[in-house]
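# Descriptive analysis of the structure
Now for the letters of each chain:
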Amino acid sequence: MKMSTAPYDLEQQQQHQRSGVAASSQSPRSPSSSTPFLSVSVTDPVKLGNGVQAYISYRVITKTNFPEYQGPEKIVIRRYSDFVWLRDRLFEKYKGIFIPPLPEKSAVGVLKFHMFWFITAEKFRFSAEFIEMRRQALDLFVNRIASHHELQQSEDLRMFLQAEEETMERLRAQETGIFKKPSDLMQIFKDVQSKVSDVVLGKEKPVEESDPDYEKLKHYIFELENHLAEAQKHAYRLVKRHRELGQSLSDFGKAVKLLGASEGNSLGKAFSELGIKSEILSTKLQKEAHQILMNFEEPLKDYVRAVQSIKATIAERANSFRKQCQLAETVKLKEIDLERQRLHRSEKLAEAEREYHEAKSEQATKTFESIVRLMNEEIGRFQEQKTLDMGIAFHEFAKGQARLANDIAGAWRSLLPKLEACSAA
């Protein structure tokens, strides 16, 4: 049975949610002096260290008029693990909000279509192309946070944008402290395996929401990830095709120029011009391949990561729902116990009343309701921004392909009279 991939219906969302998206999706890089602004630039990647200890550092420049910041401009040095720290902190604290995704740490993901990635990944990790791709993605990551109406108020964001390197190093160490021992990670893995086995064997049945709209949302997100990943895969193949064709034209051009040099007549001149045109087109193809990579394939890959971030929020919602159900069961048991204590005028009546009211005041229900509310707002923001970003990416791709096709046609057309003259002779 083929599953429907129709867009998730957002018409039921309130209009103020949509207007909030439009406001928050505006670029923070063009602030007016009369309105609050927070602009961040990730620049100047520099390789530090050698061998397996090597890493890239970035200059992070913050400009703002927010009163809680230290001043109008601050420059700090950050590395990839600092961005990971920020992402993890926000995900832990802002349940229900789609935390922007990070790019891959290594080049393995970038080279996943390359059959010799295990040889080239480490070399490509520090190539100018990969470094620039990751810099742009990190810049996008932090500016998405800076333009989000709630995330921009985060104390962790302020720390990331202002703290000295030594402070960030201590914060990273504190966050990763509980996972330093391999045995800790293995125990977590075993616990997850045990949970999955219990569900599969029927020992424990997962508690899930039965909301039709939520089911439709989940279906849409999972289908969207599959289709985006497929489009991104073929976009990368287009990059490879352009590069391979460009290289072939370059090699062909050199060979034809040598052939022309061996001829002293009009045919030799025609061959030489053919070789020159081939090399010119080779350069144009290589340039267009780079444009497709940066402005088309990379945005598609970014949205694959964004959908994976949404799936993480969906998992958090499911976990919160289970906790709410467990709390409801606990409250019901406490209520039954309270009624029994009242019936028997027990000495434990006061204690039963206290436990009942404590259970009712648990945070689980409020947390779940908050996640649901925020997710409804966030999906609207995501849809509008995706429409805008994908529209730009596909428009730029089509425009580049049209330009390249015109250049190729024009180059070959200009050679036809000379080649026809040679053939007529």
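Residues numbered from 1 in each chain as written. Predicted model: local features only at pLDDT ≥ 70, side-chain atom pairs only at ≥ 80, totals over all residues. Heavy atoms only, no water.

## Re the overall build of the protein chain
Each helix and strand counted, the protein chain has eleven helices and three strands in total. Reading the secondary structure of the protein chain in the N-to-C direction produces α-β-β-β-α-α-α-α-α-α-α-α-α-α. Taking all 425 residues of the protein chain together, 38% fall into the buried category. Pairs at least 24 residues apart make up 72% of the contacts formed inside the protein chain by residues separated by at least 6 positions. For the protein chain, the exposed surface amounts to about 24,800 Å²; the carbon and sulfur share of it is 56%. (Helix = DSSP H or I, 4+ residues; strand = E, 2+ residues; numbered from the N terminus. Buried < 20%, exposed > 50% of the residue type's maximum accessible area, 1.4 Å probe, protein only. Contact = heavy atoms within 4.5 Å. Areas by Shrake-Rupley, 256 points an atom, 1.4 Å probe, with all protein chains shown as cover.)

## Here's the deal with the sheet that holds strand E3 (residues 73–79)
On the basis of which strands lie adjacent, the open sheet formed by three strands has the order E1-E2-E3 and antiparallel pairing. Among the strands making up the open sheet, the edge pair consists of strand E1 (38–48) and E3. When the angles between neighbouring strand axes are averaged without regard to direction, this sheet yields 20°. Running over the sheet, helix H4 (residues 128–147) touches E1 and strand E2 (55–64) and is turned about 155° from E1. Running over the sheet, helix H5 (residues 155–162) touches E1, E2 and E3 and is turned about 90° from E3. (Pairing = 2+ DSSP bridges. Axes fitted to C-alpha atoms, helices over the stretch in contact; angles between N-to-C directions.)

## Thoughts on the side chain of Arg172
Here Arg172 shows up in helix H6 (residues 165–176). Residues contacting Arg172, with those up to four places away along its chain left out, are Arg79, Ser81, Asp82 and Trp85.

## Some thoughts on unusual backbone geometry
Backbone geometry at Asp44 places phi at a positive 50°, although glycine is not the residue there. When you line up the elements, Asp44 lands in strand E1.

## Some details on the packing of H4 against H5
Close contact between H4 and H5 brings their axes to 11 Å; oriented N to C, the two are set at 135°. Between H4 and H5, the angle is such that the two are oblique. Between H4 and H5 lies a crossing whose hand is left-handed. Here Val142, Ile145 and Ala146 of H4 lie close against H5, whose contacting residues are Leu157, Phe160 and Leu161. Grouping the constituent residues of the contact of H4 with H5 by class yields six nonpolar, no polar and no charged. (Parallel < 35°, antiparallel > 145°, perpendicular 65-115°, else oblique. Left-handed = near helix turned anticlockwise from the far one by under 90°. Nonpolar A, V, L, I, M, F, W, Y, C, P; charged D, E, K, R; others polar.)

## Regarding the packing of aromatic side chains
Considering all chains together, one arrives at eight aromatic pairs under this definition. Arranged with centres 6.2 Å apart and planes meeting at 90°, the rings of Tyr58 and Phe83 form a pair that is edge-to-face. Taken together, the positions of Tyr58 in strand E2 and Phe83 in helix H2 (residues 80–93) put the pair 25 residues apart, joining distant regions of the chain. For the residue pair Tyr58 and Phe83, the accessibility class agrees, reading buried in each case. Where Phe296 meets Phe397, the ring centres are 4.3 Å apart and the plane angle is 15°; that geometry is what we call stacked. (Phe/Tyr/Trp six-rings, centres within 6.5 Å; stacked < 30°, edge-to-face > 60°.)

## Considering the nonpolar core
Looking at soluble globular proteins, one finds that nonpolar side chains tend to be buried together. Among the nonpolar cores identified, the biggest contains 34 residues, and Val60, Phe83, Leu86, Val142, Leu157, Phe160 and Leu161 are the most heavily contacted of them. Within the residue set of this core, elements represented by two or more residues are E1, E2, H2, H4, H5 and H6. At six residues, H4 tops the list of elements feeding residues into this core. Apart from residues no more than four positions distant in its own chain, Leu86 is found in contact with Phe141, Ile145, Asp156, Leu157 and Phe160. Phe98, Leu228, Ala289 and Leu300 belong to the second largest nonpolar core, which has 30 residues in total. (Core = buried A, V, L, I, M, F, W, Y, C linked by side-chain atoms within 4.5 Å.)

Keep in mind these numbers describe shape, not what the thing actually does.
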